[in-house]
Amino acid sequence: MASSVPLMSVLERFEAADPGFIETLTKCADAQGLRAFAERWQKDTRPWARAQLIQYVDQPSPWTSRPVLHRRNPEHRPLWKRLFKLCDESGDHELMALFMVQTDRGANWDLQMRFSGNTCAYLRRRAWRHFRHLGFRDASAYRETVLLALRRYEDEDLQSGRDLLRRWGLVHILFHESPHLLSTWSRWRLGPDRALSILKPAPAFPTAWEGRWTELLDLLAEARARTVRWWAMEMVRAMPGALSAVPAETVARLLVHADEEVRTFAATLLPNCAGLSALPIATWLRLLHVQDMTVLEAVCAAMQRSISADRLTPAQRLELACAASPSIARLGLRFLREAPLAPPDRPLLLALADAQAVGVGDEVVKLLQDQVGVDALLPCLDSTRKEVRRAAWLWYEESPLLDDPATWSRLLETPYDDVRLPMTRLLEARLDSRGLPRTIKADDLHAVWAAVLLGIRRGSRHKLSVLRMLTRMVEADPMHAAAAMRLLAVALRSVRPPERRAGLAAVVRLVVRYPDLGAEVARAFPELRIRSMAGV
């Protein structure tokens, strides 16, 4: 082979513990020389040599998206078989677990190594025979070693039921005692009128797994194949008392698993697991970021039962209450009710007015009403959330701000129809059919405010009548100048220029007649030069 690397280069890199040893080895095509090298490699006690041997054998599934460290070289068949037999004879259980996974991988692996069908079947059966003998001798060592193998199978190895039945060693580990499976010399098959859907865990050496739910849960967290994870879950479910003895740390680990089935299973364990109250707050907050409604519901319920509000900082409680998830938001609101913020920090609660969670508007408004007071009303009425505005409007109808003209002005400028239209109807109740106040008593400016604001809003033809009314009110009683000037400032900015000039002339006349009104005019009309008017 023109591109082949000499065996001597392989041996030199091996002795020097060169990082490029595996890459050089895969390019060597000296089949007999490599076979002779196998025993030297297998017996080398250096940790580096052991790591290289594991790397050489432990390749990912040929169908996986994970990077392949090196490609199989068909000329390595003698090396591969010799290593296999040496590990079997020496009782190297760890490497035999890796060999079993590789021989189980089926057709793609067979083609890469170019073994005959009979040789492949022999290697699979011999790999399992190693563990069958181990199971009879030492059940604990058997369990620990096959757990290593189970972690190596991948979803790409088990894409169909046919794939599962071709995994000789795997089926022995998971379903050896199943009455629904029959074995031939090279593969498994289903019994008559049987289906894979009826399979239940029936492992070889079942006593090796009794009470070992801790190892099974670790396998559940780390297994790459869905079939293996399902088997681990079913094994744990079948163990009496296991579901109520799982540590909270283990459940928390499963709750963030990538597999939805594992997360759902962990959510069923959460209510009864041990040590929930001792979980760090950072762990709870991490669990609340899982994008799974089943998990969120379970975590919020467990957190409500197990965590006191004072374990969270004010910022954490507020962050939870502002969350987009209704379950998390309700949890945060509950914590804020149990441990209210200090008075200086309560303005921070106004951020709740724009909380994004659906269905918590009433609770948000009630909390703000109780802890912030009327100062929170306008932010709630300006909320981007319709349900918050609806709850806030009910509060507004019973609040002192109902008769506050400044609030009317602000609410009529809101972009939200569900606030602006009810406000318009309230103001209409104070006017007659012409859009003028039902009363013109100087001591009742609320109706005048209503006329001005509605006129601005609708472009009323009665604006000039209202302007004249305001001027007469001030002339009759300067005590109402402050309120009247605010009204005039609003009204004059909504009329045409000739009408605005006439209104400003009336303001000037008022200042000339009542010089003490200069300060009020300056506040309402900062564009006017009060000093120059004083000299008129």
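On a predicted model such as this, the values are computed, not experimentally measured, just so you know.

**Quick look at the nonpolar core**
Counting residues in each nonpolar core, the largest one holds 114 residues, and the members touching the most others are Trp41, Tyr142, Trp231 and Trp284. Excluding anything up to four places from it in sequence, tryptophan 231 contacts Leu150, Ile173, Leu174, Phe175, Pro201, Ala202, Pro203, Trp209, Leu216 and Leu219. Val364, Leu381, Leu401 and Trp408 belong to the second largest nonpolar core, which has 31 residues in total.

**With respect to helix H18 (residues 314–321)**
One full turn of an α-helix is made of 3.6 residues, so residues set three or four places apart face in the same direction. Every buried residue of H18 is listed here: Arg317, Leu318, Leu320 and Ala321. End-on, the buried residues of H18 take up no more than an arc of 160°, which puts them together on one face. Exposed and facing more than 90 degrees away from the buried side of H18 are Ala315 and Glu319. On its buried face, H18 is in contact with helix H16 (281–287) and helix H19 (326–338).

**Observations regarding the environment of alanine 282**
Assignment of secondary structure puts alanine 282 in helix H16. Note: C-alpha distance between alanine 282 and leucine 312 (30 residues apart in sequence) is 9.7 Å.

**Topic: the packing of aromatic side chains**
Applying the stated criterion to the full structure yields 19 aromatic pairs. Ring plane angle 50° and centroid distance 5.4 Å describe the contact between phenylalanine 14 and phenylalanine 21, whose orientation is recorded as tilted. On the basis of relative accessible area, phenylalanine 14 is assigned to the buried category, the value being 0%. Between phenylalanine 21 and phenylalanine 37, the aromatic rings sit 6.3 Å apart at their centres with planes inclined by 65°, giving edge-to-face as the arrangement. Here phenylalanine 37 lies in helix H3 (residues 31–43) and phenylalanine 21 lies in helix H2 (residues 21–26), a separation of 16 residues in the sequence. One exposure class covers both phenylalanine 21 and phenylalanine 37, and it is buried. One aromatic cluster in this structure is built from Phe14, Phe21, Phe37, Trp41, Trp48 and Tyr56.

**Section: the environment of glutamate 387**
Relative to the elements of secondary structure, glutamate 387 occurs in helix H22 (residues 386–396). The contact partners of glutamate 387, leaving out residues within four places of it in the chain, are Ala357, Val358, Gly359, Val360 and Gly361. Among the polar contacts made by the side chain of glutamate 387, one reaches the main-chain amide nitrogen of glycine 361 at a distance of 2.7 Å.

**Topic: unusual backbone geometry**
The backbone of alanine 17 sits at a positive phi, close to 55°, despite the residue not being glycine. Within the secondary structure, alanine 17 sits in the loop between helix H1 (7–15) and H2. Taking relative accessible area as the criterion, alanine 17 reaches 30% and is therefore assigned partly exposed. One non-glycine residue, phenylalanine 205, adopts positive backbone phi at about 50°. Relative to the elements of secondary structure, phenylalanine 205 occurs in the loop between strand E2 (188–190) and helix H12 (213–222). On the basis of relative accessible area, phenylalanine 205 is assigned to the buried category, the value being 15%.

**What about H19?**
Its 13 residues place the ends of H19 18 Å apart at the C-alpha level, agreeing with the 18 Å of an ideal helix rising 1.5 Å per residue. All of the buried residues along H19 are Ser327, Ile328, Ala329, Leu331, Gly332, Leu333, Phe335 and Leu336. Those residues of H19 that are buried lie in contact with helix H17 (293–306), H18 and helix H20 (361–371).

**Observations concerning the pattern of salt bridges**
The tally for this structure, following the rule as stated, stands at 29 salt bridges. Among the ionic pairs, aspartate 157 bridges to arginine 105, the shortest N-O distance being 2.9 Å. A residue pair is termed long-range when its members are at least 10 positions apart, and aspartate 157 in the loop between helix H9 (139–150) and helix H10 (161–166) and arginine 105 in the loop between helix H6 (93–104) and helix H7 (107–113) qualify at 52 residues. For aspartate 157, a relative accessible area of 0% translates into the label buried. Overall, the relative accessible area of 2% leaves arginine 105 in the buried class.

Conventions used here
Residues numbered from 1 in each chain as written. Predicted model: local features only at pLDDT ≥ 70, side-chain atom pairs only at ≥ 80, totals over all residues. Heavy atoms only, no water. Core = buried A, V, L, I, M, F, W, Y, C linked by side-chain atoms within 4.5 Å. Buried < 20%, exposed > 50% of the residue type's maximum accessible area, 1.4 Å probe, protein only. Contact = heavy atoms within 4.5 Å. Helix = DSSP H or I, 4+ residues; strand = E, 2+ residues; numbered from the N terminus. Arc of directions from axis to C-beta. Phe/Tyr/Trp six-rings, centres within 6.5 Å; stacked < 30°, edge-to-face > 60°. Polar contact = N/O pair within 3.5 Å; in protein donor to acceptor, adjacent residues only side chain to side chain. Expected span 1.5 Å × (residues − 1). Salt bridge = Lys/Arg side-chain N within 4 Å of Asp/Glu carboxyl O.

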